[in-house]
Amino acid sequence: MLNILIVEDEKLQTEALREMLLTYNPKFNIYVAHNANNAISISSDYDIDLFILDVDLSDNSDSDNSNISGIDIGLKLRNSSKYSTTPIIYLTGVPEKIHQAVNDVHCFSYLSKPYSYFDIKKTLDDIFHSTHIGNDAITINTLLNVQIPINFRNIYYVECLNHTTIIYTINGSFETRMLTLKDFSATAPDYFLRIHKSYIININYLYSYQKTKRLICINGTELPLGRKYKDDFDIAFSKGLH
């Protein structure tokens, strides 16, 4: 039986998440903590196999842990030999805090609020079945050897720089050396276009195209259009894919 600890200060969200988890597998044994002290106590008393932590815990009534966030709890877990490699999923309504969750805590994944059952299912599938590439998402190994699933539709563009592939998304950028632009092109949906030897763009985020200067603007960032790729891009642009 798998033991899962949910750390979430909003009780309605906790109950909704609990129902989603039991829909996925009714045999899950689910523990719930609404603040840091409870979370630390439960993780000490039981062997937890998966943590689902809210990044922002606004209802911490504990005098000693009144300012402890989900990130802080994750760091405490990682400093314990018992949970140094246990999967952690973060829940957040503040995407700007995801980098710390990834870089400092080495979380397995994160979900932006509001999330759905299908988001939960996809993440659990990634954990339990080690699915690295799917129809809707790609899972990369970051430079810190952390697996991060990224939905294709959330990607602005992809860059290759100094043998490192950087994926720019609505939730920030993620770096890997285990994925080439050629590999990405082979798995990405057809709304991605190669525009340069160093860039692949999601044409759904195309803001403007300066044809004479061969500059493409994606989400406020200007990218060069290589001569080799200009004709294909012009054809796609003329068909109104933007």
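Before going into details, it helps to say that this report is about the structure given with it. Computed from a predicted model, the values in this text were never measured in an experiment. (Residues numbered from 1 in each chain as written. Predicted model: local features only at pLDDT ≥ 70, side-chain atom pairs only at ≥ 80, totals over all residues. Heavy atoms only, no water.)

### Here we look at the overall build of the chain
Alright, step 1. What the chain contains, in helices and strands, is 7 helices and 15 strands.
Alright, step 2. Residue pairs at least 24 apart in sequence account for 55% of intrachain contacts in the chain once pairs closer than 6 positions are excluded. (Helix = DSSP H or I, 4+ residues; strand = E, 2+ residues; numbered from the N terminus. Contact = heavy atoms within 4.5 Å.)

### Quick look at the sheet that holds strand 5 (residues 109–112)
Alright, step 1. If you walk across this open sheet you meet the 5 strands as 2-1-3-4-5, and the pairing is parallel. Two strands lie at the open edges of the sheet, namely strand 2 (29–33) and strand 5, each paired on one side alone. Across the sheet, the mean angle from the axis of one strand to that of its neighbour is 15 degrees, orientation sign disregarded.
Alright, step 2. Sheet analysis places strand 4 (residues 88–92) next to strand 5, joined by 4 bridges and oriented parallel. When the sheet's bridge partners are listed, Leu91 is paired in strand 5 with Leu111.
Alright, step 3. The sheet contacts of helix 2 (residues 36–45) involve strand 1 (3–7), strand 2 and strand 3 (50–54), and relative to strand 2 the element is tilted by about 145 degrees. (Pairing = 2+ DSSP bridges. Axes fitted to C-alpha atoms, helices over the stretch in contact; angles between N-to-C directions.)

### With respect to the side chain of Arg78
Alright, step 1. Structurally, the position occupied by Arg78 is in helix 3 (residues 70–78).
Alright, step 2. Here Arg78 falls in the buried class, since its relative accessible area comes to 16%.
Alright, step 3. A polar contact is formed between the side chain of Arg78 and the backbone oxygen of Val105, at a distance of 2.8 Å. (Buried < 20%, exposed > 50% of the residue type's maximum accessible area, 1.4 Å probe, protein only. Polar contact = N/O pair within 3.5 Å; in protein donor to acceptor, adjacent residues only side chain to side chain.)

### Here's the deal with the pattern of salt bridges
Pairing is possible between side chains that carry opposite charge, provided their charged atoms lie close to one another.
Alright, step 1. Inspection of the entire model under this criterion finds 6 salt bridges.
Alright, step 2. The shortest N-O distance in the salt bridge between Lys121 and Asp125 comes to 3.0 Å. Of this pair, Lys121 and Asp125 both sit in helix 5 (residues 117–129), separated by 4 residues, roughly a single helical turn.
Alright, step 3. Look at Asp125 and you get buried, because its relative accessible area is 17%. (Salt bridge = Lys/Arg side-chain N within 4 Å of Asp/Glu carboxyl O.)

### Section: the environment of Thr23
Alright, step 1. Structurally, the position occupied by Thr23 is in helix 1 (residues 11–24).
Alright, step 2. Measuring from C-alpha to C-alpha, the distance between Thr23 and Lys121 comes to 9.3 Å, with 98 residues separating the pair along the chain.
Alright, step 3. In terms of polar contacts, Thr23 uses its side chain to reach the backbone carbonyl oxygen of Glu19, at 2.8 Å.

### Observations regarding the pairing of strand 3
The side chains of a regular strand alternate, first on one face of the sheet and then on the other.
Alright, step 1. With 5 of 5 residues buried, strand 3 lies mostly within the body of the structure.
Alright, step 2. Relative to strand 3, strand 1 is paired through 4 bridges, and the arrangement is parallel. Considered in strand 3, the bridge of Ile4 is made with Leu50.
Alright, step 3. As defined by bridge partners, strand 3 adjoins strand 4 across 4 bridges and the pair is classed as parallel.

### Description of the packing of aromatic side chains
Alright, step 1. Evaluated as defined, the whole model comprises 15 aromatic pairs.
Alright, step 2. On the numbers, 5.2 Å between centres and 85 degrees between planes, the contact of Phe184 with Phe192 is edge-to-face.
Alright, step 3. The exposure class assigned to Phe184 is buried, which follows from its relative accessible area of 0%.
Alright, step 4. Given the relative accessible area of 9%, Phe192 is considered buried.
Alright, step 5. Linked through ring pairs, Phe152, Phe184, Tyr191 and Phe192 together constitute an aromatic cluster. (Phe/Tyr/Trp six-rings, centres within 6.5 Å; stacked < 30°, edge-to-face > 60°.)

Distances and angles like these do not, on their own, reveal function.
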